[in-house]
Each structure stands twice: as C-alpha cells, then as structure tokens.
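What follows is the residue order along each chain.
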Amino acid sequence: MTICILDTSVFCNLLDVPAFNQDREDTLSKLEDYLEEGYTLLLPLAAIYETGNHIAHVANGRARREAAKRFVGEVAQAIAGQVPWRPTPFPDRRLLTAWLAEFPDCAMRKVGLADLSIIREFERQCKLHRMRRVLVWSYDYHLQGYDRKVGSG
C-alpha cells in the first residue's frame, strides 16, 4: 500500500480552483487510479493554507466564493474523515522551530517553508512506514522527486 501526500498544486486541481486547475483532468484520473489501488491520501496543513490563499486571489468574486465554499467543505470533511484524504498532524512548537532554523538554507535553494513542511512530512511518513511506498503527489517540480519505493529507503 502507498502513502500519498497531496501538494497544493493537486488540491487546487481537485477543488477546481480557477487559474490553478490546468491539470484537473489528469488529477481526477490519477485520483481514481490511486483510490482503486488503495492509496492512503494525506493532506498537509501547508497545502490547506496555500490553497486557501490561492482561492482568496481568484479574480472573479462569484468564482472565488464558490471555490471557497468547496474548500471549506472538503477540509471540514477531511477533518471528519469523510473524504479519501485526511489531514496530517499539526506541527508542534518544537517542530516549527526546527523548520524555521532550516529555512534560510532552504530559501537559498528556492524551497519555501510550505514545501519544507511537506518534505519533512514525507520523511516522517517514510520512517513510520518503512515497508510502504511514500510519495508526494505534486505538479511542482520542487516536490515531484519525492517518491520512496518499497525497499529503497
């Protein structure tokens, strides 16, 4: 079984956020495949925040409100365990402090704090599930390479 961490780029496509949904058909097709294959889908807090920010900047007011409603519904259902993806744990003070200490070096590599938190969640999932494939599902080139196959890490 595979653990799949959803990135903002994927969540925006799933929610059909205007101007952030150019890969929607591919996303829905992959989602269907992943569900059929029994993937465990995780939604990081960073993807929730970033998606909310993208929605807030949708130019058309009516489209912005509709996207915001879909967003609220999906996140609420994720928290309640009613959709295929579930939120990852919120970082504690110690963890956030560690990420902040790493951030200047990450910024020099053009890796933002949200992406850093997703990378750290990927690493955490790899440690928790040593015999399972773990991947970050993303259209962002910074995150596409995070795919640990079973038995390779």
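Right above here is the structure, for reference.
Values in this document were obtained by computation on a predicted structure and should not be read as measured data. (Residues numbered from 1 in each chain as written. Predicted model: local features only at pLDDT ≥ 70, side-chain atom pairs only at ≥ 80, totals over all residues. Heavy atoms only, no water.)

Colleague: Explain a nonpolar patch on the surface to me, and be specific about the residues and the numbers.
Modeller: Together, Leu-96, Leu-100 and Leu-113 line one region of the surface with nonpolar side chains, adding up to about 230 Å² of accessible area. For Leu-100, the location among the structural elements is in helix 5 (residues 93–108). Leu-100 gets classed as partly exposed once you look at its relative accessible area, which sits at 47%. (Patch = residues over 30% accessible without salt bridge, like charges linked within 9 Å, V, L, I, M, F, W, Y side chains within 5 Å. Areas by Shrake-Rupley, 256 points an atom, 1.4 Å probe, with all protein chains shown as cover. Salt bridge = Lys/Arg side-chain N within 4 Å of Asp/Glu carboxyl O. Helix = DSSP H or I, 4+ residues; strand = E, 2+ residues; numbered from the N terminus. Buried < 20%, exposed > 50% of the residue type's maximum accessible area, 1.4 Å probe, protein only.)

Colleague: Tell me about the pairing of strand 1 (residues 2–6), and please be specific about residues and values.
Modeller: With 5 of 5 residues buried, strand 1 is to be regarded as a mostly interior element. Side-chain alternation along strand 1 places Thr-2, Cys-4 and Leu-6 on one buried face and Ile-3 and Ile-5 on a second face that is also buried. As defined by bridge partners, strand 1 adjoins strand 4 (residues 133–137) across 5 bridges and the pair is classed as parallel. Bridging from a neighbouring strand, Ile-3 pairs with Val-134 of strand 4. (Pairing = 2+ DSSP bridges.)

Colleague: Tell me about the packing of aromatic side chains, and please be specific about residues and values.
Modeller: Here a ring pair, both rings aromatic, is described through the centre-centre distance and the interplanar angle of the planes. Scanning all chains against the criterion turns up 5 aromatic pairs. Ring geometry for Tyr-34 and Tyr-39: centres 4.3 Å apart, planes at 15 degrees, overall stacked. With respect to burial, Tyr-34 and Tyr-39 carry one shared label: buried. Taking the centre distance of 5.3 Å and the plane angle of 70 degrees together, the rings of Phe-122 and Tyr-146 count as edge-to-face. Of the two residues, Phe-122 is situated in helix 6 (residues 113–128) and Tyr-146 in the loop between strand 4 and strand 5 (147–148); the sequence distance between them amounts to 24 residues. What makes Tyr-146 partly exposed here is its relative accessible area of 26%. (Phe/Tyr/Trp six-rings, centres within 6.5 Å; stacked < 30°, edge-to-face > 60°.)

Colleague: Any details on the nonpolar core? Residues and values, ideally.
Modeller: Membership of the largest hydrophobic core comes to 25 residues, with the highest contact counts inside it found for Leu-6, Phe-11, Trp-85 and Trp-137. Elements with a minimum of two residues in this core: strand 1, helix 1 (8–15), helix 2 (24–36), strand 2 (40–43), helix 3 (45–56), helix 4 (61–80) and strand 4. It is helix 1 that contributes the most residues to this core, 5 residues altogether. Counting 16 residues, the second largest nonpolar core, distinct from the first, contains Ile-3, Val-111, Leu-116 and Cys-126. (Core = buried A, V, L, I, M, F, W, Y, C linked by side-chain atoms within 4.5 Å.)

Colleague: How would you summarise helix 1 if you had to cite specific residues and measurements?
Modeller: Most of helix 1 is tucked away: 8 of the 8 residues are buried. Among all positions in helix 1, only Thr-8, Ser-9, Val-10, Phe-11, Cys-12, Asn-13, Leu-14 and Leu-15 are buried. Positive phi shows up at Asp-16, right after helix 1, with a value of about 60 degrees.

Colleague: Could you give an account of the sheet that holds strand 3 (residues 85–87), naming the residues involved and the relevant values?
Modeller: With respect to topology, 5 strands assemble into an open sheet ordered 3-2-1-4-5, the strand pairing being mixed. Each edge of the sheet is formed by a strand with only one pairing partner; in this case those strands are strand 3 and strand 5. Alignment of strand 2 against strand 3, held across 3 bridges, turns out to be parallel. Looking at the pairing, Leu-42 lines up with Arg-86 of strand 3.

Colleague: So, the packing of helix 1 against helix 2: which residues are in play, and what are the values?
Modeller: Closest axis-to-axis distance for the helix 1/helix 2 pair is 9 Å, and the angle between their directions is 95 degrees. Comparing their axes, helix 2 and helix 1 come out roughly perpendicular. Here Val-10, Asn-13, Leu-14 and Leu-15 of helix 1 come into contact with helix 2, specifically with Arg-24, Thr-27, Leu-28 and Leu-31. Residues belonging to the contact of helix 1 with helix 2 are distributed by class as follows: 5 nonpolar, 2 polar and 1 charged. (Axes fitted to C-alpha atoms, helices over the stretch in contact; angles between N-to-C directions. Parallel < 35°, antiparallel > 145°, perpendicular 65-115°, else oblique. Contact = heavy atoms within 4.5 Å. Nonpolar A, V, L, I, M, F, W, Y, C, P; charged D, E, K, R; others polar.)

The values reported here are purely geometric and, on their own, carry no functional implication.
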